[in-house]
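What the coordinates show
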Amino acid sequence: MWGMRLGREARVTCIACGTRVARSNAREYDKEGDRWERTDKEFEHLCKPCHSDIDHHPRGELERLLLDVEQPRHMTHAEFIHRYHRLVEERYGRSE
Ligand SMILES: [Zn+2]
């Protein structure tokens, strides 16, 4: 029973580069920027090299904005950019 799990560690996919790594070699990434609040969340993962590459400064309202843009689930990149741009203008005004 105990031996069945040895060597079968869960693997996760890095959201930045697509590499499959053992869960213990990955870092959790919470797109809301708060990985200490874990209730009802499903975390994404980054491999260690990609994790050390990202900017660790607070992201302000960016992630909230991206989450709000992501309704509905399936859209093209062009639709996403269009919705993102429209939402930014609604919230922050038109850029000159
Ligand atoms: Zn990676």
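Residues numbered from 1 in each chain as written. Predicted model: local features only at pLDDT ≥ 70, side-chain atom pairs only at ≥ 80, totals over all residues. Heavy atoms only, no water.

Within the first shell, the zinc ion binds the protein through Cys14 (SG), Cys17 (SG), Cys47 (SG) and Cys50 (SG), at distances of 2.3 Å. Metal-centred angles of 102 to 115 degrees between the 4 donor atoms at the zinc ion mark the site as tetrahedral. (Donors = N, O, S within 2.8 Å, 3.2 Å for Na, K, Ca; no water. Tetrahedral: all angles 85-135°; square planar, octahedral: opposite > 155°, others 65-115°.)

Attention now moves to the environment of valine 88. Along the chain, the position of valine 88 falls in helix α3 (residues 77–92). We classify valine 88 as partly exposed; its relative accessible area is 22%. Sequence separation between valine 88 and leucine 65 is 23 residues; the distance between their C-alpha atoms is 8.0 Å. What valine 88 contacts, discounting residues up to four positions off in sequence, is Leu65 and Gly93. (Helix = DSSP H or I, 4+ residues; strand = E, 2+ residues; numbered from the N terminus. Buried < 20%, exposed > 50% of the residue type's maximum accessible area, 1.4 Å probe, protein only. Contact = heavy atoms within 4.5 Å.)

The next point concerns α3. Structurally, the α-helix is built with 3.6 residues per turn, so residues lying three or four positions apart point the same way. When the terminal C-alpha atoms of α3 are compared, their 22 Å separation across 16 residues agrees well with the 22 Å that a helix rising 1.5 Å per residue should span. One or two positions beyond α3, positive phi appears at glycine 93, with a value near 90 degrees. (Expected span 1.5 Å × (residues − 1).)

A few words now on the pattern of salt bridges. This model, assessed by the stated rule, comprises 5 salt bridges. A salt bridge links glutamate 28 to arginine 23, with the shortest nitrogen-to-oxygen separation between them at 3.2 Å. Exposure remark for arginine 23: the relative accessible area of 28% places this residue in the partly exposed category. Notably, a salt bridge pairs glutamate 28 with arginine 38, separated by 2.9 Å at the nearest N-O pair. One end of the pair, glutamate 28, is in strand β3 (residues 26–29); the other, arginine 38, is in the loop between β3 and β4 (44–47), with 10 residues separating them in the sequence. Glutamate 28 sits in the buried class, given a relative accessible area of 15%. It is possible to trace a salt-bridge network through shared partners that takes in Arg23, Glu28 and Arg38. (Salt bridge = Lys/Arg side-chain N within 4 Å of Asp/Glu carboxyl O.)

Read these as geometric descriptors, not functional statements.
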